[in-house]
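Chain by chain, the residues:
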Amino acid sequence: QVQLVESGGGLVQAGGSLTLSCLSSGSTFSTSPMAWYRQAPGKERELVAHMLNTKGYADSVKGRFTISRDNAKNTVYLQMSSLQPEDTAVYYCHQSVRREVGGWNIYWGQGTQVTVSS
């Protein structure tokens, strides 16, 4: 069983920056694809960034957000800069753990609120 704990959310003015952190329990972190999702009020949850050995980003955050990880600390980060009001959402950490018999177990954090004021 994996537990994910996010931190670093808060209120920031437009143009500002925040860094989110997600601490993962267990021993599978270094081989797990990790991702950040977000969900704004009234909208579906969307993928923001993901990485294992390579990184990918939603078009809306390319050039502004950076995903990174520290396998020694079992932590994945999301550095967010040039934040805009449309980035306001609950941000969720996501971990995929490969099953021995095939397929993936999926884990979610509890979410952290990011609010960007104009």
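For the structure, check the block above.
Peer 1: Just give me the short version of the overall build of the chain, but keep the residues and values in it.
Peer 2: Scanning the chain for helices and strands turns up zero helices and eleven strands. Its C-alpha atoms give the chain a radius of gyration of 14 Å, within 12% of the compact-globule value 13 Å for 118 residues. Along the first, second and third principal axes, the C-alpha atoms of the chain reach 50 × 30 × 25 Å. Partitioning the contacts of the chain with sequence separation of at least 6, the portion at a separation of at least 24 is 54%. For the chain, the accessible area works out to roughly 6,400 Å², and carbon and sulfur atoms hold 48% of it.

Peer 1: Describe the state of the cysteines, and please don't skip the residues or the numbers.
Peer 2: Enumeration over the complete set of coordinates arrives at one disulfide. Here Cys 22 pairs with Cys 93 through a disulfide, and the sulfurs are 2.1 Å apart. Classification of the bridge connecting Cys 22 and Cys 93 rests on its S-S torsion, roughly -85 degrees, and on that basis the disulfide is left-handed. Residue Cys 22 is located in strand β3 (residues 18-24), and its partner Cys 93 is located in strand β9 (residues 89-98); the two are separated by 71 residues in the primary sequence.

Peer 1: Help me get a handle on the pattern of salt bridges, residues and values and all.
Peer 2: Inspection of every chain in the model, using the stated rule, returns four salt bridges. A salt bridge links Arg 38 to Asp 87, with the nearest nitrogen and oxygen atoms 2.9 Å apart. Residue Arg 38 is located in strand β4 (residues 34-39), and its partner Asp 87 is located in the loop between β8 (75-80) and β9; the two are separated by 49 residues in the primary sequence. Accessibility classification places Arg 38 together with Asp 87 in one group, the buried group. Its salt-bridge partner being Arg 64, residue Asp 87 comes within 2.7 Å of it at the nearest N-O pair. Taken together, the positions of Asp 87 in the loop between β8 and β9 and Arg 64 in the loop between β6 (55-57) and β7 (65-70) put the pair 23 residues apart, joining distant regions of the chain. On the basis of relative accessibility, which here comes to 18%, the residue Arg 64 falls in the buried class.

Parameters at a glance
- Residues numbered from 1 in each chain as written.
- Predicted model: local features only at pLDDT ≥ 70, side-chain atom pairs only at ≥ 80, totals over all residues.
- Heavy atoms only, no water.
- Helix = DSSP H or I, 4+ residues; strand = E, 2+ residues; numbered from the N terminus.
- Rg over C-alpha atoms; globule rule 2.2 N^0.38 Å.
- Contact = heavy atoms within 4.5 Å.
- Areas by Shrake-Rupley, 256 points an atom, 1.4 Å probe, with all protein chains shown as cover.
- Disulfide = S-S within 2.5 Å.
- Salt bridge = Lys/Arg side-chain N within 4 Å of Asp/Glu carboxyl O.
- Buried < 20%, exposed > 50% of the residue type's maximum accessible area, 1.4 Å probe, protein only.

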